[in-house]
Structures are given as C-alpha cells and as structure tokens.
Amino acid sequence: MLTYLARIVLKMLVTFFAIVTLVFFATRLSGSPIDFVIGEGITQEDRALLTSYYGLDQSTWVQYRAFLASFADGQFGLSFVERRPVAEIVGERIWPSLQLLLSSVALTLALSLPLGILGAVYCKSWVGSAVMVVAFLGYAVPNFVLATFMILVFSYWLNWLPVVGNGSAWHFIMPTITMSGILIAGLTRFTRNAMLDVLGQDYMRTARAKGLSEQTVIFKHGLRNASITILSVIGLQIAGLAAAGSVVVEAIFAWPGIGDLLVRSAIVRDYPVLQFGVIAVSVAVLLINAVVDIAYAYADPRIRLGRA
Amino acid sequence: MKRLLATTAIATLVAVPALAVELTVGASNIAPYLDPGRDHSNVGSQFYHNTFDTLIAKNLDSDKTEWLPGLAVSWELVEPTVMELKLREGVTFHNGEDMTADDVVFSLNRMYQATFPPYQVRARDRLANFEKAEKVDDHTVRIHAKRAEPLWETLLNLQQVMIIPEDYTKALAGDPKVAENDDYEAFSLKPVGTGPYKIATFTPGEQVVYERFDGFWGDKAPLDRVTVKRMPETASRITALKTGEADIITNVAPDQLSLIDGDPNLKTVGAATALFHVMIMNVNHPKLTDPRIRQAMSLAIDRDTLNEALWLGKAVVPASHTMQEFGELYMPELETFEYNPEKAKELLEEAGYDGFEVTFDTDAVYYTNGLLAAQAIMEMWAEVGIKGKVQVGEKWTGNAPELMARNWSNPMYFADPFGSFGVMWAPNGPSESEGRFNTDEAYAKIWERFRYSSDVAERKAAYGELMDRIKADPPVLPLYRPYESWAMRKDINWAPKPGNIPYVLDFRAGSISFASN
C-alpha cells in the first residue's frame, strides 16, 4: 500500500510541474496585461514605462524563474490589477467554490446512485425507462439554459429564490442544481450500465442460489462490484466540474468563487492570478484523482496489492 | 427592500430618524482598485465621487460650467502662472485626521511631480502644465503652472487631483515618513478621503460598501449604507432587481428597457453618455495613405441608421467631435462628419480605389453593440463599393502597423474638448504615438492656441481649425454617444447628473431621494 501511495504522490508532482510550466507559457501567448490594466489611450512611451514597472520587460526566462520563486514565500506573486498577493485573492474564493462543489457532489450522489440502481434493477419496466428519459434530458440541456430557466421561473416569476451571491442556504439551490444537472444525468446512466453488467454475472446467480436476500444481492454483491466503474466515472466528472463547471455557474449567479475569478483575470490578462487560479484548480483535480485512486484500492484489493 | 420602504414611510410620517436607510446596487463591474489618481476607467469612475473631494467643485445639476467651492473656499490668480487657494477649515478625513495644506500639497504633487509610474501616465496627458503645489500656511496653498493656464478650475476639478491624506498614505508600507510606490499600491486597496461616504469594505472586483461619514464638512449623506455588488450577468442583474436583491442596477441593455418599464414596480433612467464610440483609421497604412479613401470610408457610414437599429434612436449622433457638456466650448455648428454615399463613391473613383479589402477590427463584446455596428458598417461600405471585412479579436490592435480600421472610444475625462478629443489626438498623444495618426508643425500651432489661449473665442476658432484638419485627412469618425441606462425601484429618485463625467454613481445629498408612498 505504501509503494502504491508513493507512486500516486510522484505522479502528482510530475504532473504539477508540467502544469505550472504550461500555464506560465500559455498565459503569455494571449496578449499584454498593459492594454487591460491601464485601459485605452496611452502613448507608446507610457506603455513602455508601465511594462517595465510590472516587470514585463524582462526576458521570459527571468520571469519564469521569478514565477517559480514566488511559490517559495507562499504568496505566489502580486496581482497586476489588485496589487495584493495572489494567495490572498485566490484564498478568499476557494471556500465558496468548494462549498458549491461539495453541495453539487452530495446532490449528485444522493440522486444518481439510487436512480441508477433503480434503472438497472427495473430495466424492463416503466421505472427503468423513466430513469433513462430523465437522464437523457439532463444530458441534453446545457447548464446555462437550465440556470436561466430556473431563474426565470423561481426568481423572476415566483420570487422564491435569490439570484445573486452566496449569502444564505437558499442561495445554494439554483447554483447546485445547475452544477449537478449534467453530472446527475451522466452518473445515473453509468451506474445503471455498471449495475446491468454486474447483474448478469455468474456470481450474482450464485448469490441468489445461496438464498441471500435480494437486498444483499444487489447492494453487497452487485454495487460493490459495480463500484470500480462508478468510482472512476465519479472521479473524472467531479474533476471536470472543479475545472470548468463552476465558470459558467459562478458568472450567472455572481458566486464569488474561483471560476468567476478565472474568467475575470483571463479577460484582463492578470497573469499572476490566472496562473495561480489554473494551478489551484489543477491541484484540486490532482487531489480528487488521488482520492479516487485511493478509493479504488479500498474497493478493489487487486489494485491495492499491485496484482491487477 | 421592504425595510427601506418602511423607513421612508415612517420618516415622512413621524420624522424620527430611527431606522437605517440602506441601498444595494447591482453593478456589471466593480473596480479592482480604488485610487482616483491613477484611474480613469469607466468602471472606476462609478465610485470616487462619493468618497473623495476636489479643491474646486462643480454644479453638477447643469451642463453649463459653474464652479463652486470644494475643499478650497476661494482661489485667485496671484501671478499669471500661480494660483493661490484658501482651504476650507474643519475638514476631516475618514480616518479622523484633519485635512491641512500638507495633505493638499501631497495629493497634488503626487500627480504633478509623479514618481509612481501609474501616476506619471495619468499626469502626462492632462496635468503636464503643472509644476508643483506648495504650502503657504496651514490653510493656504499655491499651485505653480509652467505657463498661463486657461483651464485652472477644470483641471483642479479632476478625479485625478482629489485630495487624500498624506500621513495615512505614507504609513501604509515601508518607511512611514516617505511616499513609496508600495504606499500608493496599498492605498488603492484601503482608500481614505474626505467625502460624505467612507468606504467601509472593499473587496476588489467584487463589492464596495459605503457608510455615511458623520464628520463630512458639507451636507450629510442621505443614505446610511450603500452596497455596490458585482452582478456580471444581465439577466441575473435584472432578476435581482425584481426580487429585491438590488434596488438599483447599472448597465441595462437597450433591448431590455421595455421589459423593465413594463413592470409596475420598476423604472429605468438613462442618458447619452459623455463618450463617443468611434471608428479609427490608420492614416499610415500603405493602402490608406490617400485621405480620400478614408473620407469615403467615413462618408459611407449612415450613423443615424446605426442609432435607430442598435440604440432604438436613443444614442446621439454628433456632427463634430463635440459635446454639450463642453459648456462654452460646445460647437454644434461644426460640420465635420456627415453621411454622403454619393460623395464617397466619387472620392473612391478619384482615388483610384481598386477594390482592395479593408479590415475592421473589433472585440466581440467590449463595446456594447460594437460587433453589430461593425457588421452594419461593412454593409454600408459595400453600398459604395468598399470591400470590408470584420476581424474579431481580443487584442488591442491600435498600435499595429497592419491596422486599417477598428472601433475605439473617446470618453470625456473632463468637461472640455481637451478632456475628450484632446487627450486622444494631441500632438504626440496616444494616437500619434501608436503610429496611426500624424501631426505636423501647423497642427501643433493650432493645438497651442486651442490648449492655451485665455480667450474662449480664440480657443473655439482653433478647435474649429483642428476639426477642419480632421475632416481633410480623417483618422477618426465619432459614431455616436451610446445610451447608458440604469434601472431601479419605482420609488427611488435617482438619475446621472448632467454635469458629471460618465458612469458616476452619485449618492451625495441632493442626488437621491425616495417618493413617499
């Protein structure tokens, strides 16, 4: 198990370094922050003055080294726009994003696992078909359409739910549903399919033949074996959600999170914030993957013991 | 905000100033920093007026120029280049410090003798004629100009020379006795002024919370607390107004106005902004050096149709680079720009236009209706035979040699043609330095008369000559003054003031009130 953990950590470190480097060079390809920080109508002379003030006249290599060095003090440099440490700016926004991510994951798991199992167990009845219809609908509706539709109905017409910010529990309802919509649809289908695969296996027939209750057969023998497939999908989807899903949702609901920050700093080319924001999200994805890897090992002894 | 309704109702009935009057504003953007000196962005301009004062104030209820005492109670020219100002006594900064001549001298010299690069940039285009400020006694200062200045009051009424506290600022970082770059950087996150509202909380890019400053020297603020929150999505912003999460919202698109006005509890107000959306043309592009080609590009554009189609006729199409807000310098009689497709065709013919492609750069979203206008302009060009092509991109191409045409904006930074046309099109100004506009000695001479003549008639004559130059060899066409709208609860009486620069969210006494119902 220790070697397995060590391998996970090493893999994370290498990936992290690759991301950091890629992010640094990619952000620099998209234009100069001077245009956006200062706005319109400056002379070439003044542009040069500011370029030098922000240290952007230095060679890329010097800037890259300074960028790596900025990791050392834990501040990750200064934002071009706000002129305060990037760690502080991103730090303010991690918790709101994390809250939204956790509530979305919780809602997803609470709905898609039971729905998927129902869909598999009753695959030949109307229950199974209904589950599939819901899943396909969820897949087909883009999240910004879902969000706008909910805002129209629940806020604009009915005035039941607040639209902007994260001030209360009520504020979580629409953003959470928007974030989890596609996830629920996807995971329900995967759970259903994984369960269907397992339900047809010989050992299931054996379990039933032993006289075990249907509940034990489905949950202990069925779900446990289906869980490997389900886990890998959950991992991928949550990672995807952390990386991209929040961008749209946070903009629509004025949620003060990382996604919203990323969009804003991308627009103004605030390299330091953008770099660290992307890195923070990447780290989140790496961590989620690591957690999934560890969960695999828990679910499947063959992986844990390296005999797969 | 039912509480507010209750408050105003009770206040009008029993006149007990008991409950707090609070307001929430949903803004499409919040400034990333708050320092009036370095900022001249449209986003930032929203915020400074409530918190900072200038030495000389202006009657904002009128678009005629009328100067009023601000932090200075009187001012007189003691020499042609020296202005002496008597400062108001008993003025307190939000942090409790008294305002003295030292603070005024510090605030002015941080711009006049700027060492902090963002200040240098802002000072150069509008404050270049000022040498220094000096203290005479605790409540008297003198300002020295390099040469006789016809725009003293105008240039002491600028956002960039609002007064900030010296000791507080210097102590923010590093050595507390010395003004360092980091002090100014820190100030922009913890701004302190003398205005009727102090900034209680500032989350950059996210939220500004104002609170009434009880120590304010003038008429007390009418609101106890104003929260301006970022609500980037138009649909969410409008819905927030409807649900009561916001009392006022900014930046309502023209096509949404009827939706809001149709709601019995809401209303909209708007005005043509003191800013031109313009088309710029690169006079130095090898294919566009013949002025006739650029004249044709300009004459082919039917700006009134653009206004009708894109702004429901609410924008203002100018005949010259002039605005009512310029006061005495407003020159509606100038006819610099017109729509004349026949003349455009003739000029193209004379210039021997061979059908080469003219590119027009635009960002997809930066200017409201910018992309739509660009597409419509392509159609209008096609009518006279110009082959145009829209290039959508995010990069600023105004300094690229291959630029042919693109959209841009020329805001009114202060109420004078120098504060609008002047900032962008001065000799060696941004346009010339970016290589898409040329000036010569003759232009510079006219410019001198326009900028420094003490006689208004002379300044107007010179401005007319500058416009003739622009007409003869056009680098720019002002398309229109866009229409900017705000929406609010029906009982709120608020509207942008005609004497202010664009976008200011003014909540000072006399700027906002509530209908008692």
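Keep in mind it's a predicted model, so treat the numbers as computed, not measured.

Participant: I tried to follow empty space enclosed by the protein on my own but got confused; where do I start?
Facilitator: The gaps of empty space that remain are located by a probe, the size of a water molecule, rolled over the atoms. Residues and elements named next belong to chain B. Following the criterion strictly, the structure yields 2 cavities of 30 Å³ or more and no others. Of the pockets and cavities examined, the largest cavity occupies roughly 60 Å³. If you go around the largest cavity, the residues you meet are His277, Val278, Phe360, Tyr367, Gly370, Ala373, Ala374, Ile377, Asn407, Leu479 and Tyr480. Those elements that place two or more of their residues in the lining of the largest cavity are strand E13 (275-281), helix H13 (370-384) and strand E17 (476-480).

Participant: Even after reading the chapter, I still don't get the confidence of the model for chain B, so can you show me in this structure?
Facilitator: Of all residues in chain B, 96% attain a pLDDT of 70 or more, and the chain-wide mean is 93. Low confidence marks residues 1-17 of chain B, where pLDDT is under 50. Its contacts with residues over four positions away, or in another chain, come to 20 contacts.

Participant: What am I meant to see in the UniProt feature "transmembrane region" (unreviewed entry) in chain A here?
Facilitator: Residues and elements named next belong to chain A. Within this numbering scheme, the UniProt entry marks residues 100-123, 130-157, 169-187, 228-253 and 273-299 as carrying the feature "transmembrane region" (unreviewed entry). Counting secondary structure, residues 100-123 comes out at 92% helix and 0% strand; the distance between its end C-alpha atoms is 33 Å. Segment residues 169-187 splits into 95% helix and 0% strand. End C-alpha atoms: 25 Å apart.

Participant: Sorry, what's going on with the UniProt feature "domain: Solute-binding protein family" (unreviewed entry) in chain B here?
Facilitator: With numbering aligned to this structure, UniProt lists the feature "domain: Solute-binding protein family" (unreviewed entry) at residues 68-411 of chain B. Between the end C-alpha atoms of residues 68-411 of chain B the distance is 24 Å, and the span holds 28% helix and 24% strand.

Participant: Looking at this model, I keep getting lost on the domain arrangement of chain B. Mind explaining?
Facilitator: All names here are of chain B. Domains assigned within chain B are domain 1 (17-50 + 196-270 + 485-516), domain 2 (52-194) and domain 3 (275-480). Put simply, the middle of domain 1 and the middle of domain 2, counted by C-alpha atoms, are 26 Å apart. Residue-level contacts link 30 residues of domain 1 with 32 residues of domain 2. Note on domain 1 versus domain 2: buried area summed over both sides is about 2,500 Å², and carbon and sulfur give 55% of it. Looking at the side of domain 1 facing domain 2, the largest losses of area belong to Pro36, Arg38 and Trp217, adding up to 28% of the total buried there.

Participant: Looking at this structure, I do not really get the sheet that holds E17(B). What am I missing?
Facilitator: To summarise the sheet geometry, strands pair through backbone hydrogen bonds and adopt either a parallel or an antiparallel arrangement. All names here are of chain B. Read from one edge to the other, the open sheet built from 5 strands follows the order E15-E14-E16-E13-E17, with strand pairing classed as mixed. The two strands at the open ends of the sheet, each matched to only one other strand, are strand E15 (387-392) and E17. On average, each strand axis in the sheet is tilted by 35 degrees relative to the strand beside it, whichever way the strands run. Relative to strand E16 (residues 405-411), E13 runs antiparallel, the two sharing 7 bridges. Paired with Leu275 across the two strands is Pro411, which belongs to E16. On the sheet, helix H10 (residues 291-299) packs against E13, strand E14 (357-362), E16 and E17 and is oriented at approximately 140 degrees with respect to E13. Strands in contact with helix H11 (residues 303-311) are E13 and E17; relative to E17, the strand with the most contacts, it is inclined by about 40 degrees.

Participant: Looking at this structure, how should I read helix H4 (residues 117-126) of chain B?
Facilitator: Think of an α-helix as turning once every 3.6 residues; residues three or four places apart then point the same way. Counting buried positions over the 10 residues of H4(B) gives 8, a clear majority of the element. Within H4(B), burial applies to Pro117(B), Pro118(B), Tyr119(B), Val121(B), Arg122(B), Ala123(B), Asp125(B) and Arg126(B).

Rules behind the numbers
- Residues numbered from 1 in each chain as written.
- Chains lettered and ligands numbered in written order.
- Predicted model: local features only at pLDDT ≥ 70, side-chain atom pairs only at ≥ 80, totals over all residues.
- Heavy atoms only, no water.
- 1 Å grid on protein atoms, 1.4 Å probe; cavity = no way out; pocket = protein on both sides within 12 Å on 5 of 7 lines; lining within 4 Å.
- Points joined across faces, edges and corners; volume = space filled by probe spheres on them.
- Helix = DSSP H or I, 4+ residues; strand = E, 2+ residues; numbered from the N terminus.
- pLDDT = per-residue confidence, 0-100.
- Contact = heavy atoms within 4.5 Å.
- UniProt positions renumbered as here; feature names shortened; annotations may be inferred.
- Domains from an automatic or database assignment.
- Buried area = accessible area lost by both parts, 1.4 Å probe.
- Pairing = 2+ DSSP bridges.
- Axes fitted to C-alpha atoms, helices over the stretch in contact; angles between N-to-C directions.
- Buried < 20%, exposed > 50% of the residue type's maximum accessible area, 1.4 Å probe, protein only.

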